[in-house]
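Analysis of the macromolecular model
Chain residues, written in single-letter form:
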Amino acid sequence: MVVQYQIALRMEKLLKPNVMRVLYALYDLTINDFDKFVSIKEIAEKSNLQENEVEIALKEIPLTPKEIENELAYRIDGSFMHIPSMLKMFNF
């Protein structure tokens, strides 16, 4: 039961509208290149959100950050990269 509860809590966070938009934007921007990290600005442009909204949403997503040219860039943690495609299967 504890594992199901933890999964439910994680999914609840990911299913917030702005979090989903950021999750899908990150996925779309990085899926074809496993070494690619993207900036908040790139995520904001792709998701049609303001940068401050992206920053808030990023806190709910399991991420791998990397500093590139004195700026943080992000990608979804490798073990969570399948989540956006799974959610698309269920039409979320």
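See the structure printed just above.
Residues numbered from 1 in each chain as written. Predicted model: local features only at pLDDT ≥ 70, side-chain atom pairs only at ≥ 80, totals over all residues. Heavy atoms only, no water.

Helices and strands together make up the secondary structure of the protein chain, namely five helices and two strands. Counting helices and strands in the order they occur from the N terminus, the protein chain gives α-α-α-α-β-β-α. What you see for the protein chain is a C-alpha radius of gyration of 13 Å, in line with the 12 Å of a compact globule of 92 residues. A separation threshold of at least 6 residues defines the contact pool for the protein chain, and within that pool the share at least 24 residues apart is 60%. Entry remark: accessible area of the protein chain is about 6,200 Å², with carbon and sulfur atoms responsible for 54%. The distance from the centre of the 11 positive side-chain charges to the centre of the 14 negative ones in the protein chain is 5 Å. (Helix = DSSP H or I, 4+ residues; strand = E, 2+ residues; numbered from the N terminus. Rg over C-alpha atoms; globule rule 2.2 N^0.38 Å. Contact = heavy atoms within 4.5 Å. Areas by Shrake-Rupley, 256 points an atom, 1.4 Å probe, with all protein chains shown as cover. Lys, Arg positive; Asp, Glu negative; His and termini not counted. Charge placed at Lys NZ, Arg CZ, Asp CG, Glu CD.)

This brings us to the packing of helix 2 (residues 17-30) against helix 5 (residues 82-89). Packing of helix 2 against helix 5 leaves a shortest axis separation of 9 Å and a crossing angle of 115 degrees. Between helix 2 and helix 5 lies a crossing of left-handed hand. Taking contact as the criterion, the partners of Met20, Leu23, Tyr24, Tyr27 and Asp28 in helix 2 are, on helix 5, Ile83, Pro84, Ser85, Leu87 and Lys88. (Axes fitted to C-alpha atoms, helices over the stretch in contact; angles between N-to-C directions. Left-handed = near helix turned anticlockwise from the far one by under 90°.)

The sheet contact formed by strand 1 (residues 63-68) and strand 2 (residues 71-76) spans six bridges and is antiparallel. Looking at strand 2, one finds that Pro65 is bridged to Tyr74. (Pairing = 2+ DSSP bridges.)

Quick look at the side chain of Ser39 now. Its place among the elements puts Ser39 in the loop between helix 2 and helix 3 (40-47). The class for Ser39 is buried, based on a relative accessible area of 12%. When near neighbours in sequence (up to four residues on either side) are disregarded, Ser39 contacts Glu71, Leu72 and Ala73. (Buried < 20%, exposed > 50% of the residue type's maximum accessible area, 1.4 Å probe, protein only.)

The next thing to look at is the side chain of Ser47. With respect to the helices, strands and loops of the structure, Ser47 is situated in helix 3. Take Ser47: its relative accessible area is 5%, and that puts it in the buried class. Residues in contact with Ser47, not counting those within four places in the same chain, are Arg21, Val22, Ala25 and Val54.

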